[in-house]
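Architecture and fold: a report
Read off the chains here:
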Amino acid sequence: MAPTGLHRLRRVAIAVLLLAPAAGLLWVPWYAGASPRLAGTPFFYWYQLAWVPGCGLCLLAAYALSRHDRHDP
């Protein structure tokens, strides 16, 4: 069975959700600074810590999209 446009779009969305945390954290020069500060914590640290729940949400969404693609009883 050939994938329809909806299946292809779902696969692209899963790929984007899985690549977003890697892209956001691997491009270090973008966030390697001390300002702006949040509660006295430099940007470098709170940006990385903000990605912890962000990664979890991205993985949860990708998992939900991939489970929807299966036809389990």
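Residues numbered from 1 in each chain as written. Predicted model: local features only at pLDDT ≥ 70, side-chain atom pairs only at ≥ 80, totals over all residues. Heavy atoms only, no water.

Another aspect to go through is the overall build of the protein chain. For the protein chain, the count of helices and strands is three helices and zero strands. Ordering the α and β elements of the protein chain from the N terminus gives α-α-α. A burial count over the protein chain gives 16% of its 73 residues as buried. Long-range pairs, those at least 24 residues apart, make up 47% of the contacts in the protein chain between residues at least 6 apart in sequence. When the accessible surface of the protein chain is summed, it comes to about 5600 Å², and 73% of that surface belongs to carbon and sulfur atoms. (Helix = DSSP H or I, 4+ residues; strand = E, 2+ residues; numbered from the N terminus. Buried < 20%, exposed > 50% of the residue type's maximum accessible area, 1.4 Å probe, protein only. Contact = heavy atoms within 4.5 Å. Areas by Shrake-Rupley, 256 points an atom, 1.4 Å probe, with all protein chains shown as cover.)

A word on the packing of aromatic side chains. Going through the model one piece at a time under the given rule, you end up with four aromatic pairs. Look at Y47 and W51: their rings are 6.4 Å apart centre to centre, the planes differ by 75°, and that puts the pair in the edge-to-face class. Here the residue Y47 and the residue W51 both occupy positions in helix α3 (residues 43-69), the gap between them amounting to four residues, near one helical turn. The same class applies to Y47 and to W51, which are both buried. Here a set of aromatic residues connected by ring pairs shows up, and it is made of F43, W46, Y47 and W51. (Phe/Tyr/Trp six-rings, centres within 6.5 Å; stacked < 30°, edge-to-face > 60°.)

If you trace the backbone, L57 turns up in helix α3. Under the relative-accessibility criterion, L57 is labelled exposed at 57%. Expressed as a C-alpha distance, the spacing of L57 and L17, which sit 40 residues apart in the sequence, is 9.0 Å.

What follows concerns the UniProt feature "transmembrane region" (unreviewed entry) in the protein chain. In this structure's numbering, the residues bearing the UniProt feature "transmembrane region" (unreviewed entry) are residues 12-32 and 44-65. Counting secondary structure, residues 12-32 comes out at 90% helix and 0% strand; the distance between its end C-alpha atoms is 30 Å. Counted over residues 44-65, helix gives 100% and strand 0%. Its end C-alpha atoms are 31 Å apart. (UniProt positions renumbered as here; feature names shortened; annotations may be inferred.)

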